[in-house]
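Tertiary structure, described
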Amino acid sequence: MSDVTTDLFGGPARRAGRVVPVLVPMPAPRPYSYAVPDEMHVEPGSVVQVPLGPRQVFGVVWDGAEDEAVDPKKLRPITKVFDCPPLKEEHRRFLDWVSTYTLSPPGLVARMALRAPAGFDPEPMVEGLRYSGILPERMTAARTRVLDLARDGLSWTRSGLAHAAGVSSSVIDGMTAQGVFETVFIPPPPVVPLPDPDHGASRLEGAQAEAAAELLAEVRALKFSVSLMDGITGSGKTEVYFEAIAETLRQGRQVLILLPEIALTASFLERFESRFGAKPAEWHSDLAPKTRERVWRQAATGDVRVVAGARSALFLPFDDLGLIIVDEEHDPAYKQEDRVFYNARDMAVVRGHIGRFPVVLVSATPSVESQVNGLSGRYRPIHLPVRFGDAALPDLHLIDMRRHPPERGGFLSPVLLRAIGKTVAKGEQALLFLNRRGYAPLTLCRVCGHRFQCPQCSSWLVEHRFRGQIQCHQCGYAERTPECCPECGTFDHLVACGPGVERIAEEVERHFPDARTIVLSSDILGGVKRLRLELDAIAKGEADIVIGTQLVAKGHNFPLMSLVGIVDADLGLANGDPRAAERTFQLLSQVTGRAGRSGLKSHGLLQTYQPQHPVMQAIVSGDAHAFYEREIAERERAHLPPFGRLASIIVSADTRNDAEAHARALRLAAPSTQGITVLGPAEAPLALVRGRHRFRLLVHGQRSSDMQGFLKAMIAAGPRERGSVHVQLDIDPQSFL
DNA sequence: AGCACGCCGACT
DNA sequence: GTCGGCGTGCTC
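Residues numbered from 1 in each chain as written. Chains lettered and ligands numbered in written order. Predicted model: local features only at pLDDT ≥ 70, side-chain atom pairs only at ≥ 80, totals over all residues. Heavy atoms only, no water.

**Brief notes about the domain arrangement of chain A**
Examined at the domain level, chain A breaks down into domain 1 (16-114), domain 2 (126-186), domain 3 (206-388), domain 4 (391-436 + 499-632) and domain 5 (644-731). If you average the C-alpha positions of domain 1 and of domain 2, the two centres end up 48 Å apart. (Domains from an automatic or database assignment.)

**Some details on the UniProt feature "binding site: Zn(2+) 1" (unreviewed entry) in chain A**
Mapped onto this numbering, the UniProt entry gives "binding site: Zn(2+) 1" (unreviewed entry) at Cys-445, Cys-448, Cys-485 and Cys-488. With the annotated positions falling across 44 residues, the maximum pairwise C-alpha distance of 8.7 Å places them together in a single cluster. Positionally, Cys-445 belongs in strand 19 (residues 442-445). Take Cys-445: its relative accessible area is 2%, and that puts it in the buried class. (UniProt positions renumbered as here; feature names shortened; annotations may be inferred. Helix = DSSP H or I, 4+ residues; strand = E, 2+ residues; numbered from the N terminus. Buried < 20%, exposed > 50% of the residue type's maximum accessible area, 1.4 Å probe, protein only.)

**Section: the environment of Gln-371**
Residue position: Gln-371 is located in helix 11 (residues 368-376). Between the C-alpha atom of Gln-371 and that of Gln-453, which follows or precedes it by 82 residues, the distance is 40 Å. When sequence neighbours within four positions are dropped, the list of residues in contact with Gln-371 reads Leu-228, Pro-366, His-625 and Tyr-628. (Contact = heavy atoms within 4.5 Å.)

**Brief notes about the state of the cysteines**
One way to say it: the disulfide is the covalent bond shared by the sulfur atoms of two cysteines. Counted under the stated rule, the structure contains zero disulfides. Not engaged in a disulfide, the cysteine Cys-485 finds its nearest cysteine sulfur in Cys-448; these two sulfurs lie 3.6 Å apart. Given the relative accessible area of 2%, Cys-485 is considered buried. (Disulfide = S-S within 2.5 Å.)

**A closer look at the packing of helix 3 (residues 141-150) against helix 5 (residues 169-177)**
Across the interface, helix 3 lies against helix 5 with an axial gap of 10 Å and an inter-helix angle of 80 degrees. Judged on the interaxial angle alone, helix 5 and helix 3 are roughly perpendicular. From helix 3, Ala-142, Arg-143, Val-146 and Leu-147 reach across to helix 5, where they touch Val-171, Ile-172, Gly-174 and Met-175. By residue class, the composition of the contact of helix 3 with helix 5 is six nonpolar, one polar and one charged. (Axes fitted to C-alpha atoms, helices over the stretch in contact; angles between N-to-C directions. Parallel < 35°, antiparallel > 145°, perpendicular 65-115°, else oblique. Nonpolar A, V, L, I, M, F, W, Y, C, P; charged D, E, K, R; others polar.)

**Some remarks on the protein's contact with DNA strand B**
Within the structure, DNA strand B sits among Met-26, Pro-27, Arg-55, Arg-111 and Arg-339. Expressed as a percentage, the sugar and phosphate content of the atoms of DNA strand B within 4 Å of the protein is 44%. Contact distances for DNA strand B include 3.4 Å between a sugar or linking oxygen and a side-chain N or O atom of Arg-111. Class assignment of the residues belonging to the surface near DNA strand B gives a composition of two nonpolar, no polar and three charged. (Near = heavy atom within 4 Å. Polar contact = N/O pair within 3.5 Å; in protein donor to acceptor, adjacent residues only side chain to side chain.)

**Concerning a nonpolar patch on the surface**
A surface patch of nonpolar side chains, about 230 Å² in accessible area, is lined by Ile-232, Val-386 and Leu-393. Tracing the backbone shows Ile-232 in the loop between strand 8 (225-230) and helix 7 (237-250). With relative accessibility at 32%, the residue Ile-232 sits in the partly exposed group. (Patch = residues over 30% accessible without salt bridge, like charges linked within 9 Å, V, L, I, M, F, W, Y side chains within 5 Å. Areas by Shrake-Rupley, 256 points an atom, 1.4 Å probe, with all protein chains shown as cover. Salt bridge = Lys/Arg side-chain N within 4 Å of Asp/Glu carboxyl O.)

**A look at the packing of helix 15 (residues 580-592) against helix 16 (residues 614-621)**
Here helix 15 crosses helix 16 at 25 degrees, and the two axes come no closer than 10 Å. Taken together, helix 15 and helix 16 sit at an angle that is classed as roughly parallel. For helix 15 against helix 16, the interelement crossing comes out right-handed. Across from Ala-581, Thr-584, Phe-585, Leu-588, Ser-589 and Thr-592 in helix 15, the residues of helix 16 making contact are Val-615, Met-616, Ala-618 and Ile-619. Within the contact of helix 15 with helix 16, the residues separate by chemical class into seven nonpolar, three polar and no charged. (Left-handed = near helix turned anticlockwise from the far one by under 90°.)

Okay, structure coming up:
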């Protein structure tokens with residue numbers, strides 16, 4: 001190989017001591033410099049191993065501005081270059097962009113693209129067999145079947161051939177011993193078979209066909225675009241975007257389907273398989289290490305055509321990515337809130353822009369900012385109405401709790417109780433939804449008024465009667481339920497305030513002692529396995545009344561479910577979160593959508609003290625558009641995203657006092673800034689509550705450059721405890737691409 | 001982010 | 001006398 005003239009790092013190589021920048025997985029502000037040993041070939045994007053302090057780490061050879069000379073005495077040589085495709089130019093620009101946008105060190109962003117230790121070297125060849133032309137000494141029926149397959153001269157794996165011929169592998173071994181096969185080395189099999197774009201194509205009609213045609217046109221245009229596809233559950237969004245995937249596959253390009261982690265279910269994969277004849281490669285946090293490496297590598301080589309993954313899949317080193325689908329685009333799980341703070345939905349848009357390919361955002365209840373982008377024409381809106389002849393939507397009604405109060409000590413109104421009774425009597429199922437785990441969210445002493453509070457983070461301790469514990473849902477602190485008040489020592493005067501699912505179950509059992517009642521919440525004893533069993537049991541009709549938290553909102557179909565009761569539809573409306581109304585709308589839409597999917601005439605009843613609230617009105621009238629319009633206007637008034645003309649800053653910290661203190665300092669650091677919102681510990685994400693002296697700034701605004709200048713000044717001037725400032729720019733990325 | 005170094009409290 | 005908590009500083 002010729003050397004000097006092909007040096008990719010500008011000009012002839014200085015033979016003695018070529019130096020390249022390398023991004024290492026630590027929070028340095030820029031790449032470190034390493035010496036390239038003679039005879040070693042590296043180029044920008046090469047995945048390498050380098051010494052860093054006392055250990056060896058993975059890194060990526062970078063490019064860009066020449067960095068100032070580093071003390072040559074510090075310079076150490078690259079240990080090794082991995083034999084894998086270098087990260088592509090567009091991938092590197094993407095990582096740079098994410099680093100700048102999120103104000104995260106580039107090395108930590110690059111680390112997300114290298115999350116497959118040991119996947120960087122090629123997989124070893126697999127030992128295989130090929131027919132040698134020699135016949136076995138004696139023919140048997142089993143041997144004939146094997147030879148019929150092997151005669152084509154292609155290579156087989158030992159177990160693959162045995163399986164295909166329907167014989168045991170000892171038949172193969174016997175033939176091998178007689179020289180029927182010669183050993184060959186074949187490339188390892190792909191992690192998933194190739195998907196066939198024309199495998200299970202179904203004919204789409206009406207609105208679905210029109211929507212698919214629009215997406216197809218975007219794919220064929222071979223350029224950047226963002227489409228926002230909305231339509232309620234059952235309107236066939238998945239079938240429509242499958243058509244866009246098929247077209248991208250026909251172009252020979254790769255596809256990424258982003259899903260919130262919990263939506264990556266077997267049922268989604270099966271749906272994909274029945275359309276394309278093969279499963280997509282999966283990518284999520286609890287993938288087996290071996291599989292993880294293979295998916296990483298095969299995405300890089302192009303052997304994997306479709307990846308369905310959680311947000312981190314966005315950082316895979318695709319060979320030729322041609323389409324990203326972001327399903328459930330409104331889902332907050334797309335936000336990563338530790339180390340590098342980013343929203344995968346927005347970064348997907350950025351990756352599409354850099355790679356010049358289409359991105360499709362999909363949701364039954366789009367986020368307000370995406371809706372705005374759809375309305376303004378920045379994203380192309382595609383609306384799917386309900387298909388004619390489909391199961392009717394549930395018939396939804398509000399229960400005004402001021403007019404139909406529950407009996408003393410209860411939480412279920414007589415109207416809802418009557419409806420449950422009727423449903424159960426018909427042999428159908430009722431779902432009661434309350435997004436609150438445990439028995440009661442607050443316990444207090446009736447004698448002295450003491451309230452049980454978390455000693456670590458100061459939120460209320462939630463009683464879990466079934467486990468005999470009081471727990472902090474913020475930080476995980478738990479203790480045995482005390483029998484007396486720690487303040488005044490009085491026994492038997494502790495009182496539970498407010499309902500949780502366990503308490504609703506108690507009330508239901510009191511009214512319907514003969515009904516089979518199940519409580520479903522994420523803290524269920526027996527974990528995910530038990531949960532799956534319970535869900536199957538419910539689907540088979542082995543329960544009459546199901547009481548569940550938000551985990552019943554997703555996915556599962558209960559064919560016998562004909563009543564949904566929302567115990568407290570107002571819960572979540574008044575928690576200080578600027579997205580409270582939006583989140584409630586999304587959650588309640590999902591839950592009420594659980595009924596009415598079976599052909600049974602079904603009903604939804606929402607208990608509320610605020611029947612006039614826009615969320616309640618939007619849900620029962622089915623007029624989502626009116627809700628969005630109002631919500632958008634509301635935010636415009638409050639200078640909240642996506643319209644904040646001035647920066648809007650949200651500070652959250654582990655105590656409300658800390659948050660207030662930070663906010664005061666921010667006002668001092670940047671007096672022109674308006675709209676500082678302070679969130680207390682209840683709203684602070686778990687990760688931040690756990691680490692002490694950490695706070696988070698959520699900055700909403702429209703222009704990234706302004707935001708960043710402002711933030712840098714503020715960080716320099718503001719209070720900073722051990723450098724642990726985390727910043728999330730919750731801005732529309734398109735406005736400053 | 002890791003990891004070493006270093007300085008004060010309770011224990012095999 | 002040591003073990004071990006986490007504060008501080010460094011890595012091309």
